[in-house]
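Tertiary structure, described
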Amino acid sequence: MFKLTENGTTMKTEILSGITTFLTMVYVIVVNPAILSSAGVPFDQVFMATIIGTVIGTLWMALCANYPIAVAPGMGLNAYFAFSVVGTHGDINYVTAFGTVFVAGIIFVILSLTAFREKLIEAIPDNLRSAITAGIGLFIAFIGLRSSGIIVADKSNLVKLGELHSISAELTIIGLAVTLICLALNINGALFIGMIVTGIVAFFTGQLSFKKGFVSIPHLSEGIVVNHPIHAFIDVFQHSLYAVVFSFLLVTIFDTTGTMIAVAKQAGLMKGNKLPRARQALLADSIATTIGSLFGTSPTSAYIESSSGVAAGGRTGLTTLTVAILFIISAFFSPLVGAVAGLSAITAPALIIVGSMMIGSIADIKWNEIDEAFPAFLIILAMPLTSSISTGIALGFISYLILKIVKGKWKQVHPLVYLFAVLFFIQLAFLQ
């Protein structure tokens, strides 16, 4: 079913890769409820909704597209939901806000059923595609360094080197050392082994504990949040939430498309400029967004943490099937998962190492041509500095179009690049 031999992989490798991806992204079931609960949504409700959205999107990716790309609620999108949609609109409660997510999801499904999103992948210039991969690599490496305490905030310089003698930094360095040694010796599952060793050290040094136990009964405290889907459309019109729907659409489309391209390219799954079975893959996050919103979670997106599973050898949907099964199981072990996910030093080494692998795509950028080099540079620079994949892509598209027009090469630019450069400009200028 998953064509393991054809893709040059084995069942053992795929399962280990799925476990690696799961451990790298499982923080979402802790962080997402924490963020959305600040908007008034019950923690337990979001916890289960997060798992439901993740399982639906990831299973679709596994069984319909056969890709090792997991889907879960997007981190930037949940913050936008909690602090910009609910937080700044006094008359908008979280139920109405989830209704806008549902509307965006329906539109998202329609766009995914057409050739639009497929054409978008083909329309993105090679240089920008390479920059997206490199930029995301730098971004997730920075997340790993920051979450581990190796890099910390600084008043005068924004960031600085943290206290390397802190237990978090020391655990991360141990994990990095173990993982790099395994990689250097070509040991399969190096990232997973690094996580296991770090977890064991953390447990015996008292950093990893399970005070809240291991098991709890999963439940949806409010059932289905969006009870009347038709009312969701009415609310969008009554409250004039068009910009909110547009923002959810724009950010999700480019976060997911950019991530899919990056992970697929890393895994060697791209065929030239095309992603085989692109429509099946692109339906995963749109369907998960739509269904997830009904239960109470913000829009889903393809997860860049999938690259850790790809780095561990994952090449097929068996990797993501493993991820989905582990998320289903995690619904019964929220205290245990919360304890592991709460210790960033366990997953930080994987993020840092995967970032170093992905940054290698800068070698494919035409650095001697300013109209190609500068947009790529902006993408790579902006992603980690703004903590936003879509902002980096936006600045890249806008500058790319401007420079091509100035250089008299406007005819070489795909019409979709014109369209999205304009849409991105509108979003950055008026919808931030």
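Residues numbered from 1 in each chain as written. Predicted model: local features only at pLDDT ≥ 70, side-chain atom pairs only at ≥ 80, totals over all residues. Heavy atoms only, no water.

1. As for the packing of aromatic side chains
Centre-to-centre distance and the angle between the planes together describe a pair of aromatic rings. What the rule picks out here adds up to 10 aromatic pairs. Aromatic side chains F22 and F327 sit 5.0 Å apart centroid to centroid with 80° between the ring planes, which places their arrangement in the edge-to-face category. Placement of F22 in helix α1 (residues 11–25) and of F327 in helix α14 (residues 317–330) is noted, with a sequence separation of 305 residues between them. A connected cluster of aromatic rings, assembled from ring pairs, spans F203, F204, F210 and F214. (Phe/Tyr/Trp six-rings, centres within 6.5 Å; stacked < 30°, edge-to-face > 60°. Helix = DSSP H or I, 4+ residues; strand = E, 2+ residues; numbered from the N terminus.)

2. Observations concerning the side chain of K404
In this structure, K404 sits in helix α18 (residues 389–406). What makes K404 buried here is its relative accessible area of 3%. Among residues more than four places away in sequence, those in contact with K404 are D371, E372, K409, W410 and V413. (Buried < 20%, exposed > 50% of the residue type's maximum accessible area, 1.4 Å probe, protein only. Contact = heavy atoms within 4.5 Å.)

3. Considerations on helix α3 (residues 43–65)
Its 23 residues place the ends of α3 32 Å apart at the C-alpha level, agreeing with the 33 Å of an ideal helix rising 1.5 Å per residue. Downstream of α3 by a residue or two, N66 has a phi angle that is positive, lying close to 55°. (Expected span 1.5 Å × (residues − 1).)

4. Observations concerning the environment of V46
Turning to its location among the elements, V46 is positioned in helix α3. Classification of V46 as buried rests on a relative accessible area of 0%. Setting aside residues up to four positions removed in sequence, V46 forms contacts with N32, P33, L36, V41 and G296.

5. Things to note about the packing of helix α2 (residues 28–37) against α3
Viewed as axis vectors pointing N to C, α2 and α3 meet at an angle of 135°, and their least axial separation amounts to 8 Å. As the angle between them shows, α2 and α3 are arranged oblique. In this structure, α2 crosses over α3, and the sense of that crossing is right-handed. Between α2, through V28, I29, V30, N32, P33, A34, L36 and S37, and α3, the contact on the second element is made entirely by F43, V46, F47, T50 and I51. Its residues assigned to classes, the contact of α2 with α3 comprises 10 nonpolar, three polar and no charged. (Axes fitted to C-alpha atoms, helices over the stretch in contact; angles between N-to-C directions. Parallel < 35°, antiparallel > 145°, perpendicular 65-115°, else oblique. Left-handed = near helix turned anticlockwise from the far one by under 90°. Nonpolar A, V, L, I, M, F, W, Y, C, P; charged D, E, K, R; others polar.)

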